[in-house]
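Given next are the chains, with one letter for each unit.
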Amino acid sequence: MHKRMIAITLSLALTVFSFTACDKQTPEAQTTEAQTTEAAASTTTAAQTTEAAASTTAAQTEPTIAVRTAEDYAGTYGEGRCTVRIQATSDDEAEILIQWGDSAWQSVEWKMTAVYHPDSDTFTYADAVKTLVSYTDEGEETREVLSENGSGTFRMGEDKTMRWEDAEENAGEDMVFTYSPER
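Residues numbered from 1 in each chain as written. Predicted model: local features only at pLDDT ≥ 70, side-chain atom pairs only at ≥ 80, totals over all residues. Heavy atoms only, no water.

Q: Sorry, what's going on with the side chain of T131 here?
A: Checked against the element boundaries, T131 lands in strand β5 (residues 122-135). With residues up to four places along the chain from it excluded, the contact list for T131 reads S107, V108, E109, R143, E144, V145 and L146. (Helix = DSSP H or I, 4+ residues; strand = E, 2+ residues; numbered from the N terminus. Contact = heavy atoms within 4.5 Å.)

Right, dumping it as structure tokens:
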């Protein structure tokens, strides 16, 4: 029995010694543990980065509504013998010239400064000057102001079309002006 007791004591001592030895780390074991800790920190950072990137991507893919400016409609529009030229002077203002040919010797012009309203996609004006332009056989031009302070609205269409609502004499009634880069 004494031998048995020695064997058990020796066995317990070896077990305790091996646990104690396992707790003491070699330099390689310490390096591995440090790398594991760094890897865990790196994984957390990578997870956070991935999450941040996902939220940024989600924000970028949400539809944005483009706000238009007067410059978006700058150019020349035509309907029959009538031409409308819009020249943006700022994001919300434009100089507009309308030329309506009556014949080879006469045309009518309207000049105005219009304010662009992006919420309704319209230009409004209240300072139009209507002028009769006449030409002699020799090519001399004469101008006669017919009216001042005319008002109205230009309604812009999605397909680069425009309607003119002249408040003075309905000059643009039933007309749809089409954008033309060539005119």
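Q: Explain the packing of aromatic side chains here, please?
A: The relative placement of two aromatic rings is captured by the distance of their centres and the angle of their planes. Per the stated rule, a full pass over the model turns up 8 aromatic pairs. Relative to F154, the ring of Y125 has its centre 5.6 Å away and its plane inclined at 35°; by these criteria the two rings are tilted. Placement of the pair is Y125 in strand β5 and F154 in strand β6 (residues 141-156), with a sequence separation of 29 residues. As far as burial versus exposure is concerned, Y125 and F154 are alike and both buried. Ring geometry for F154 against W164: centres 6.1 Å apart, planes inclined by 10°, an arrangement best described as stacked. Here W164 lies in strand β7 (residues 161-166) and F154 lies in strand β6, a separation of 10 residues in the sequence. (Phe/Tyr/Trp six-rings, centres within 6.5 Å; stacked < 30°, edge-to-face > 60°. Buried < 20%, exposed > 50% of the residue type's maximum accessible area, 1.4 Å probe, protein only.)

Q: How do you make sense of the nonpolar core when you look at a structure like this?
A: A general tendency of soluble globular proteins is for nonpolar side chains to be buried together. Of all hydrophobic cores here, the largest spans 26 residues; its most connected members are V84, I86, I98, F123 and F154. Of all elements in the fold, only β2 (82-90), β3 (93-101), β4 (106-117), β5, β6 and β7 reach the threshold of two or more residues within this core. For this core, the element with the most residues is β4, which contributes 5 residues. Not counting residues within four places of it along the chain, the set of residues in contact with V84 comprises G75, T76, Y77, I96, L97, I98, F154, M162 and F177. (Core = buried A, V, L, I, M, F, W, Y, C linked by side-chain atoms within 4.5 Å.)

Q: Help me understand empty space enclosed by the protein, please; the structure alone is not making it clear to me.
A: Empty space among the atoms becomes apparent when a probe as large as a water molecule is rolled across them. Inspection of the entire model under this criterion finds 1 cavity of 30 Å³ or more. Taken as a whole, the largest cavity holds about 60 Å³ of empty space. Around the largest cavity sit 13 residues that line it, and W110, S147, G150, D166 and E168 are the ones nearest its centre. Only β4, β5, β6 and β7 provide two or more residues apiece to the lining of the largest cavity. For the lining of the largest cavity, the element with the highest residue contribution is β5, accounting for 4 residues. (1 Å grid on protein atoms, 1.4 Å probe; cavity = no way out; pocket = protein on both sides within 12 Å on 5 of 7 lines; lining within 4 Å. Points joined across faces, edges and corners; volume = space filled by probe spheres on them.)

Q: For this particular structure, what's the right way to read unusual backbone geometry?
A: One can expect most non-glycine residues to show negative phi and most peptide bonds to be in trans. Positive phi is not limited to glycine here, since D121 has a value of about 55°. Counting through the fold element by element, D121 comes out in the loop between β4 and β5. Taking relative accessible area as the criterion, D121 reaches 13% and is therefore assigned buried. At K160, a position not held by glycine, the phi torsion is positive, near 60°. When you line up the elements, K160 lands in the loop between β6 and β7. Judged by its relative accessible area of 31%, K160 is partly exposed.

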